[in-house]
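# Secondary and tertiary structure notes
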Amino acid sequence: MSEHLPTTNEQPLPDPSVTVELKTIVELCKARGIIFPTAEIYGGVRSTWDYGPLGVELKENVKRQWWRSMVQLRDEIVGMEQAILGPTEVWQASGHLANFADPLVECAKCHQRFREDHLREEQLGAEDAEGDLICPSCKADTLGDPRSFNLMFKTNMGPVETAGSTVWLRPETAQGMFVDFATIQRTTRRKPPFGIAQMGKSFRNEITPGNFVFRTREFEQMEMEYFVEPGTDEQWHQYWIDERLRWYVDLGIRPENLRIREHGEAELSHYAKRTVDIDYYFPDESMGWSELEGLANRTDFDLKAHQEASGQDLTYYDQPNDRRYHPYVIEPAAGATRATLAFLFDAYRVESAPDAKGELQERVVLKLDKRLAPYKVAVLPLSKKESLTPTAREVFDLVKVRWMSEYDETQSIGRRYRRQDEIGTPYCVTVDFDTLDDRAVTVRDRDTMQQDRVPIAALESYLAERLPVC
Ligand code: ATP
């Protein structure tokens, strides 16, 4: 593990002068069509969000990078996609129907509902701290006793509603890898240590969703179950903690904004031997250190539980030693939507830059890693004049084949540069009147704002040298 990555809870706090309010990110996302409320024309649905043209590119790029590092670049990890709707048996065996619940308290005065563990953390400093709580909304001391609230969404499959037709929207992607373990192991002929990875939607009826896409009732996860020989589990757990930290840093998150947090005894899930979280420091006052990803040593709990409930053999046959065993499981469980928010926060910068008259102006720039940027290239004809259009279109047709690109011809060139900075486009290619004579374009770099004159014939290789394969 590299030296600069934090490994403990005791690390210096990130620079307190760097604050980016959540409100600023939400406004930028709305103004630029990145992420905005679902069904807004009908007043919206609390805590569900739609991803617009840029948001869907950004989120898919985050997922693409996770898949690339987990599946594409490794020969011992394979991918899968499980159905979102699943039968009761799966969630009974996994323990979700019995245990996947949060403590809910209701205020007798204003009737608002809250997660009791979150209130203890906020008001008393720890989730399990003793003491009296007040309602965070009306400030009365009229909170009732906590009751257990199951977070699973239930629905019905088929035209007739019976007890047997109940199905559940998955609350995590992990169970797919346990339920399909035997089929995937057999068909891929993998031996421990090997992994199965999955990304996709999960659903939790969270009591208090909030902080934009940080906690929503419908979200996306990126999870990998790594099956190892018992006895090697602790070492593999540490390996994956280091690997996952490195992934965030490699994609541009500042290392000082990441930390590892060890779960205490009381916090450990029923299946876990050890769990650590990777936390990110959201530089907004109300967010601070918050979980991005959990890394659990799930032991052989899940395979054994599904074997017992299904009656199917979920052991691995170790041929050389002629023995069967249930592999232990190391699970890096990340949130794609949460990570997208962290990447947005970490990339957000306000700088000053001279305008066309040489006067310093504020410049908002999303310094996203190029692999994550929604558009890699913007093609901007200097003006809408018809004489420029055919050449500008020709340039766009050239670059769009290799990179997600945008063609934009409205507004002044200065405003278009500003817009591309705000959405993190690494390269703007301007076609001007000289282009018609010299067949060259101006390429502007998002971060340095340096401009290079590049012949159209050399544009593809110029960009290919600077844009990583993703
Ligand atoms: P939290 O403590 O924040 O509720 P968790 O520990 O229950 O999260 P896990 O079950 O470990 O979360 O899920 C793995 C990852 O999935 C989390 O680290 C997070 O990134 C993401 N995730 C979980 N719940 C949500 C949610 N409601 N909205 C968005 N992302 C979520």
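Our subject is the structure listed above.
Notes on the structure in this doc start here. (Residues numbered from 1 in each chain as written. Predicted model: local features only at pLDDT ≥ 70, side-chain atom pairs only at ≥ 80, totals over all residues. Heavy atoms only, no water.)

## Considerations on the packing of helix α11 (residues 389-400) against helix α14 (residues 456-466)
- Orientation of α11 relative to α14, taken along the N-to-C sense of each, is 35°, at an axis distance of 10 Å. For the pair α11 and α14, the sense of crossing is right-handed. Between α11, through T391, E394, V395, L398 and V399, and α14, the contact on the second element is made entirely by I456, L459, E460 and L463.
- Across the contact of α11 with α14, the residue classes break down as six nonpolar, one polar and two charged. (Axes fitted to C-alpha atoms, helices over the stretch in contact; angles between N-to-C directions. Helix = DSSP H or I, 4+ residues; strand = E, 2+ residues; numbered from the N terminus. Left-handed = near helix turned anticlockwise from the far one by under 90°. Contact = heavy atoms within 4.5 Å. Nonpolar A, V, L, I, M, F, W, Y, C, P; charged D, E, K, R; others polar.)

## Overview of the nonpolar core
- Formed by 57 residues in total, the largest nonpolar core has its most connected members in I25, Y248, L258, F282, L341, F343 and F345.
- Contact partners of F345, with chain neighbours within four places excluded, come to V20, E21, L22, I25, R254, Y280, F282, P283, D284 and M287.
- Residues V377, V429, L459 and Y462 belong to the second largest nonpolar core, which totals 20 residues. (Core = buried A, V, L, I, M, F, W, Y, C linked by side-chain atoms within 4.5 Å. Buried < 20%, exposed > 50% of the residue type's maximum accessible area, 1.4 Å probe, protein only.)

## Focus: the site of the ligand
- The local shell around the ligand holds 15 residues, among which E206, R215, T216, E291 and L292 are the closest.
- The contact in question runs from a nitrogen atom of the ligand to an N or O atom on the side chain of E206, over 2.8 Å.
- Between the ligand and the protein, one listed contact pairs an oxygen atom with a side-chain N or O atom of R338 at 3.0 Å.
- When the ligand is considered free in solution it has 600 Å² of accessible area, and contact with the protein chains removes 83% of it.
- Among the elements of the structure, β11 (218-228), β14 (288-299) and β17 (328-335) are those that each provide at least two residues to the shell around the ligand.
- It is β14 that provides the largest number of residues to the shell around the ligand, a total of four residues.
- When grouped by side-chain class, the residues that make up the shell around the ligand number five nonpolar, four polar and six charged. (Near = heavy atom within 4 Å. Polar contact = N/O pair within 3.5 Å; in protein donor to acceptor, adjacent residues only side chain to side chain. Areas by Shrake-Rupley, 256 points an atom, 1.4 Å probe, with all protein chains shown as cover.)

## With respect to the packing of aromatic side chains
- Applying the stated criterion across every chain, the model contains 20 aromatic pairs.
- The interplanar angle of 85° and the centroid separation of 4.7 Å between the aromatic rings of W49 and F212 together place this pair among those described as edge-to-face. Of this pair, W49 sits in strand β2 (residues 49-51) while F212 sits in the loop between β10 (194-203) and β11; the two residues are 163 residues apart in sequence, bridging distant segments of the chain.
- Overall, the relative accessible area of 25% leaves W49 in the partly exposed class.
- On the basis of relative accessible area, F212 is assigned to the buried category, the value being 6%.
- Ring geometry for F178 against F227: centres 6.3 Å apart, planes inclined by 90°, an arrangement best described as edge-to-face. Remark: F227 occurs in strand β11 and F178 occurs in helix α6 (residues 174-179); sequence separation between them is 49 residues. (Phe/Tyr/Trp six-rings, centres within 6.5 Å; stacked < 30°, edge-to-face > 60°.)

## Side note on the pairing of strand β13 (residues 274-282)
- Counting buried residues in β13 gives seven out of nine residues, a clear majority hidden from the surface.
- Two strands pair when backbone bridges link them, and strand β12 (residues 258-262) and β13 are joined in this way by five bridges, in the antiparallel orientation. Looking across to β13, one finds that L258 is bridged to Y280.
- The sheet contact formed by β13 and β14 spans nine bridges and is antiparallel. Along β14, the bridge assignment pairs F282 with G288.
- Here β13 folds back onto β14 in antiparallel fashion, the turn holding five residues. (Pairing = 2+ DSSP bridges.)

## Let's talk about unusual backbone geometry
- The residue after P192, namely P193, is reached through a cis peptide bond having omega 0°.
- Within the secondary structure layout, P193 lies in the loop between α7 (181-188) and β10.
- Located in the positive-phi region is D322, a residue other than glycine, with phi close to 45°.
- By the element assignment, D322 lies in the loop between β15 (316-318) and β16 (323-325).
- Assessed through its relative accessible area of 55%, D322 is described here as exposed.
- Positioned with a positive phi, M449 is a non-glycine residue whose angle comes to about 60°.
- Take M449: it is sitting in the loop between β23 (440-445) and β24 (451-455).

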